[in-house]
Amino acid sequence: MSNAFALSTEAIVLADVAIVLLAGAALVPLARRLLQPPVIAEITAGIMLGPSLLGLLPGHLSDHLFPAQARPVLSGIAQIGLVLFMFLAGWDMDLRRLRGRGTALTSLAAAAMLTPFCLGAATAMTLHGPFGPHRTGRAAFVLYLATAFSVTAFPVLARILKDRQIGDTRAGHLALSCAAVGDVAAWCVLPLPVALAGSGRAADAVTVLALTGVFVAAMVLLVRPLLARCVRDAPPSALSAGLTAGVLLASVATTAIGIHALFGAFAFGLAMPRDSRHAVRASVAVPLGHAAKILLPVYFVVTGLSVDVGSLGATGFVMLALVVSVAVIGKFTGAAVGARLWGMPWREAGLFGALMNTRGLTELVILGIGRDVGLIGPQLFTVMALMALVTTAMTGPLLHRFRPAAASPVGRHVPVPDSGAKADTI
């Protein structure tokens, strides 16, 4: 190509963002016909634009469309989208709604997370030798991968419940509550393997975790009261800019501590006052949500550039089958059997299990953190990313399978076998 037609890095980035948005939008109608949420179309588009599909065509089109000099800029754009997404995800998690749910919610959330966590830990023990990065210790690798197996995509799940109009059913309401508990638990556990991977020494990891505790205390004792005052008194024009700056600064703080920027954004969202959620929605949540929605597809293509299905080989596909099986058995079975033991009919328990098996964007975010800090290598990253895609894609067909007999409204009583205790209302 002559210099007259050579594009600057800035122009290439602008063209790349346009390509990413158009590719995702083009696949959304097909995804809906296949009973899939829009995030499946966007993730698939990101993978297709990488070496797994476009890179297989003659001329190395993927490398030309997304050249090396443009990728750091695209990663920066994706990071902003992720930070905003995590802030809104934390803000949407109103943990006060979980109060008074008693042992039923606690037990179901534990079963839905601990079962895949334990199976994931056992799987990680076998994968560490052949597939774990050499500089990553076994403990950090196992803890990280077990956590990655156990998450549910809370924001994607909320969207699925809304699209399928099952948010007001007992299984839907319970799944959203358990996903909130599980995701908060996962984000509390993740700093430990991330700290171990970043420092390499237990003493340094303890320092990082201690600083993380100071950060959390500051968010609860200082930032949260300040946010309540700002939301109450600040004019809308200043509120949006101030909160966005706060999210970014919280992300910088956790990066400086030695964990990940997304922890800061999520914690800042959890610190937001809930009573004013609707009052500031028009001025803050809606525009930031639109910005995140536009920028997140860029993250999917950045992720897709690291997913190379063609490089897996026979061993990689065997590992993929193992990982998908462990993920589905752990999450679906743990959730469904737990729900059945607490009194749900099998079909409704199956609906609950199918919802809890949704991983989506949350899984990809956690995988991206592991890749960035060296907890997993390229091949395992590809396998786990495909697992996230497969398990999320399973949700639509499974809901179609279990939905007809699973419309129990919120408020039905789940029998709780505690002697002398009243049944919990869910």
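Before reading further, recall that the structure is shown in the block above.
Overview of the structure.

Cut-offs used in this document
Residues numbered from 1 in each chain as written. Predicted model: local features only at pLDDT ≥ 70, side-chain atom pairs only at ≥ 80, totals over all residues. Heavy atoms only, no water. Helix = DSSP H or I, 4+ residues; strand = E, 2+ residues; numbered from the N terminus. Buried < 20%, exposed > 50% of the residue type's maximum accessible area, 1.4 Å probe, protein only. Contact = heavy atoms within 4.5 Å. Areas by Shrake-Rupley, 256 points an atom, 1.4 Å probe, with all protein chains shown as cover. 1 Å grid on protein atoms, 1.4 Å probe; cavity = no way out; pocket = protein on both sides within 12 Å on 5 of 7 lines; lining within 4 Å. Points joined across faces, edges and corners; volume = space filled by probe spheres on them. Nonpolar A, V, L, I, M, F, W, Y, C, P; charged D, E, K, R; others polar. Core = buried A, V, L, I, M, F, W, Y, C linked by side-chain atoms within 4.5 Å.

Comments concerning the overall build of the protein
Line of reasoning, step 1. Helix and strand counts for the protein come out as 17 helices and two strands.
Line of reasoning, step 2. For the protein, the residues scored as buried account for 52% of the 426 residues in total.
Line of reasoning, step 3. In the protein, the proportion of contacts linking residues at least 24 apart, taken out of those at least 6 apart, comes to 81%.
Line of reasoning, step 4. On the protein, roughly 18300 Å² of surface is accessible, and the fraction owed to carbon and sulfur atoms is 68%.

Considering empty space enclosed by the protein
Line of reasoning, step 1. In total, this model carries two cavities of 30 Å³ or more according to the counting rule given.
Line of reasoning, step 2. Put simply, the largest cavity is a space of about 60 Å³.
Line of reasoning, step 3. F85, M86, A89, M93, P155, D183, W187, F266, T362 and V365 are the residues that line the largest cavity.
Line of reasoning, step 4. Among the secondary structure elements, those contributing two or more residues to the lining of the largest cavity are α4 (71-92), α8 (170-189) and α16 (360-373).
Line of reasoning, step 5. Examining the composition of the lining of the largest cavity, we find that three residues originate from one element, α4, more than from any other.
Line of reasoning, step 6. Residues of the lining of the largest cavity, tallied by class, amount to eight nonpolar, one polar and one charged.
Line of reasoning, step 7. Considered as a void within the structure, the second largest cavity measures approximately 40 Å³ in volume.
Line of reasoning, step 8. Looking at the second largest cavity, the residues that line it are A109, A112, M113, S150, V151, T152, C178, A179, G182, D183, K331 and M356.
Line of reasoning, step 9. Where the lining of the second largest cavity is concerned, the elements lending two or more residues are α5 (102-131) and α8.
Line of reasoning, step 10. In terms of residues, the lining of the second largest cavity owes the most to one element, α8, which gives four residues.

With respect to the nonpolar core
Line of reasoning, step 1. Residues L145, W187, F352, L367 and M384 are the most contacted members of the largest nonpolar core, which totals 131 residues.
Line of reasoning, step 2. Sort the elements by how many residues they give to this core and helix α17 (residues 378-402) lands first, with 11 residues.
Line of reasoning, step 3. Once you skip the residues sitting within four places of it in the chain, W187 turns out to touch M86, F263, F266, V365, I366 and I369.
Line of reasoning, step 4. Among the nonpolar cores identified, the runner-up in size contains five residues, and L27, V28, A31 and A45 belong to it.

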